[in-house]
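One letter stands for each residue in the lines below.
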Amino acid sequence: MSIEKTSATADQAVVENPEAAAGSDVAVDPRLLVRERGFAGYISEFKRKIRAGDLGSLPVVVGLIIIWAIFASLNSNFLTAGNLSDISVAMVGTGMIAVGIVFVLLLGEIDLSVGSVSGVAGAAFAVLNVTHGMPEWLALILAILTGTVAGAIHGFVFARIGVPAFAVTLAGLLFWNGFMLQILGSNGTINLDSSGLVAKLSGYYFSDVAAAYGLAVFAVAVFFLTTFFDNRRREAAGVPSRPLSEIIVRTVLLAVVAIAAAAVFNQYKGLPLAVVLFLAVLVITDFVLRRTAYGRKIFALGGSIEASRRAGINVAAVRISVYAISGTFAAIGGLFIASKIASANQGAGAGDLLMNAIAAAVIGGTSLFGGRGRTWNALLGVLVIVSIQYGLALQGIASPVQYMITGGVLLATVVIDAVTRKTQKSAGRA
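Residues numbered from 1 in each chain as written. Predicted model: local features only at pLDDT ≥ 70, side-chain atom pairs only at ≥ 80, totals over all residues. Heavy atoms only, no water.

## Some words on the side chain of H154
(1) Moving on: With respect to the helices, strands and loops of the structure, H154 is situated in helix α8 (residues 136–161).
(2) Moving on: There is a polar contact of 3.2 Å between the side chain of H154 and the side chain of S113.
(3) Moving on: The contacts of H154, once residues within four sequence positions are left out, are S113, V117, V168, G172, W176 and Y323. (Helix = DSSP H or I, 4+ residues; strand = E, 2+ residues; numbered from the N terminus. Polar contact = N/O pair within 3.5 Å; in protein donor to acceptor, adjacent residues only side chain to side chain. Contact = heavy atoms within 4.5 Å.)

In structure tokens:
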């Protein structure tokens, strides 16, 4: 019997007896339950997910709401338009690095070099543009490629030679930090042009109110159309699809969030260019992971390397490419960080940047065990971390306490991830 016939038979059985399906531990497409039982189908599927430990992004969303509520009660300035806008810009540098970390974590691996690589990218741009007078656009491209090459080297040593990723990237952390210090020279700091291309990455705002609202409406319209036509294709293929009422509810919820964010931005300086670029990166990378054969290969490797190899996947090539992607996004994040402080200095890439980037990916919902996660997790995770940092700063709490609280949040997230994985195994889903 073909795979299509087997799937069709299973789908038909679920439609004929949705109650029995909902009561079992077998994953049931909620679109089937909704069509048969309406809102009760959502409740049944939600209960099944709780039993199976499939919590998704729910814990981090609830946690973010609690964090914002606590800091808003402690300081009325926390939820002001200016503070929220500053949070959104400040999170982009670390968030870009976290996007690359998501790719690596999906393999079940780690990259400890991203902090140093981000510092190298900022230093490379400053040296090429300021010291040697290279045009900004060319220096920007070469700085990003520096990260790509660094990541590819790490991936090659890991995938082809067989050195553990932890050791390779730890060596990279040390090497690239030393390389950054070397190219910066004895001065240690190179100031960037405050009106230049890189400075505008975090300093430019679309002041026209139409920009923020226009982007919000565009995003909502694209979401509705893509979801609607995707459902039409699923219906034509005879596979489960969401009812129109659900699509409308999801679109309305997105519209509320998008319009609210646009209103907040317009109450301050306008729509930040950094946020636009970050959202664009998230959309593109999410499409790559969920809608392309390459993305499915990454998830497959995170699930089982041996099974992927037997399926004909070039494991080494995928691993090298993923580390190259991680290095690329580390470089992009480094340029945003350099833009925020308008300089490249010896402290770039040091401190808590590496830990924050990894924590953002994990807190957002990406599993440390590989095979589960989305690039949107980077947005949620970094939003939690930066919100904690800004909230504590408003209260005048010192950095050591910030580190301890962030570490506690990270530990809680990893514990939830581990418990979820065990629950899924007992439910036969992992």
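## Thoughts on the nonpolar core
(1) Moving on: Counting 80 residues, the largest nonpolar core has M96, V99, F125, F278 and I298 as its most contacted members.
(2) Moving on: Here the element with the most residues in this core is helix α6 (residues 81–106); it accounts for 14 residues.
(3) Moving on: Here F278 is in contact with M91, V92, G95, M96, V99 and L379, once residues within four sequence places are set aside.
(4) Moving on: Judged by nonpolar contacts, the second largest core, of 8 residues, contains A216, V220, A258 and L271. (Core = buried A, V, L, I, M, F, W, Y, C linked by side-chain atoms within 4.5 Å. Buried < 20%, exposed > 50% of the residue type's maximum accessible area, 1.4 Å probe, protein only.)

## Some points on the environment of V104
(1) Moving on: Residue placement: V104 occurs in helix α6.
(2) Moving on: Once the C-alpha coordinates of V104 and Y323 are considered, the two residues, 219 residues apart in sequence, prove to be 6.7 Å apart.
(3) Moving on: Apart from residues no more than four positions distant in its own chain, V104 is found in contact with E109, I110, D111, V322, Y323 and S326.

## Thoughts on the packing of α8 against helix α9 (residues 165–184)
(1) Moving on: The N-to-C vectors of α8 and α9 enclose an angle of 145 degrees; their axes lie 9 Å apart at closest approach. For the pair α8 and α9, the sense of crossing is right-handed. Facing α8, whose interface residues are A150, H154, V157 and F158, α9 presents A165, V168, G172 and W176.
(2) Moving on: Here the residues of the contact of α8 with α9 are counted per class, giving 6 nonpolar, 2 polar and no charged. (Axes fitted to C-alpha atoms, helices over the stretch in contact; angles between N-to-C directions. Left-handed = near helix turned anticlockwise from the far one by under 90°. Nonpolar A, V, L, I, M, F, W, Y, C, P; charged D, E, K, R; others polar.)

## A few points about the pattern of salt bridges
Should the charged atoms of two oppositely charged side chains come close, the side chains can pair.
(1) Moving on: Tallied over the entire structure, the rule returns 7 salt bridges.
(2) Moving on: Ionic pairing is found between D286 and R290, a salt bridge with its closest N-O pair at 3.1 Å. Placement of the pair is D286 and R290 together in helix α13 (residues 273–291), with a separation of 4 residues, close to one helical turn.
(3) Moving on: Taking relative accessible area as the criterion, D286 reaches 8% and is therefore assigned buried.
(4) Moving on: A salt bridge links R309 to E306, with the shortest nitrogen-to-oxygen separation between them at 3.1 Å. Remark: E306 and R309 occur in helix α15 (residues 305–310); sequence separation between them is 3 residues, near one turn of the helix.
(5) Moving on: Looking at R309, the relative accessible area reads 43%, which means it is partly exposed.
(6) Moving on: Judged by its relative accessible area of 38%, E306 is partly exposed. (Salt bridge = Lys/Arg side-chain N within 4 Å of Asp/Glu carboxyl O.)

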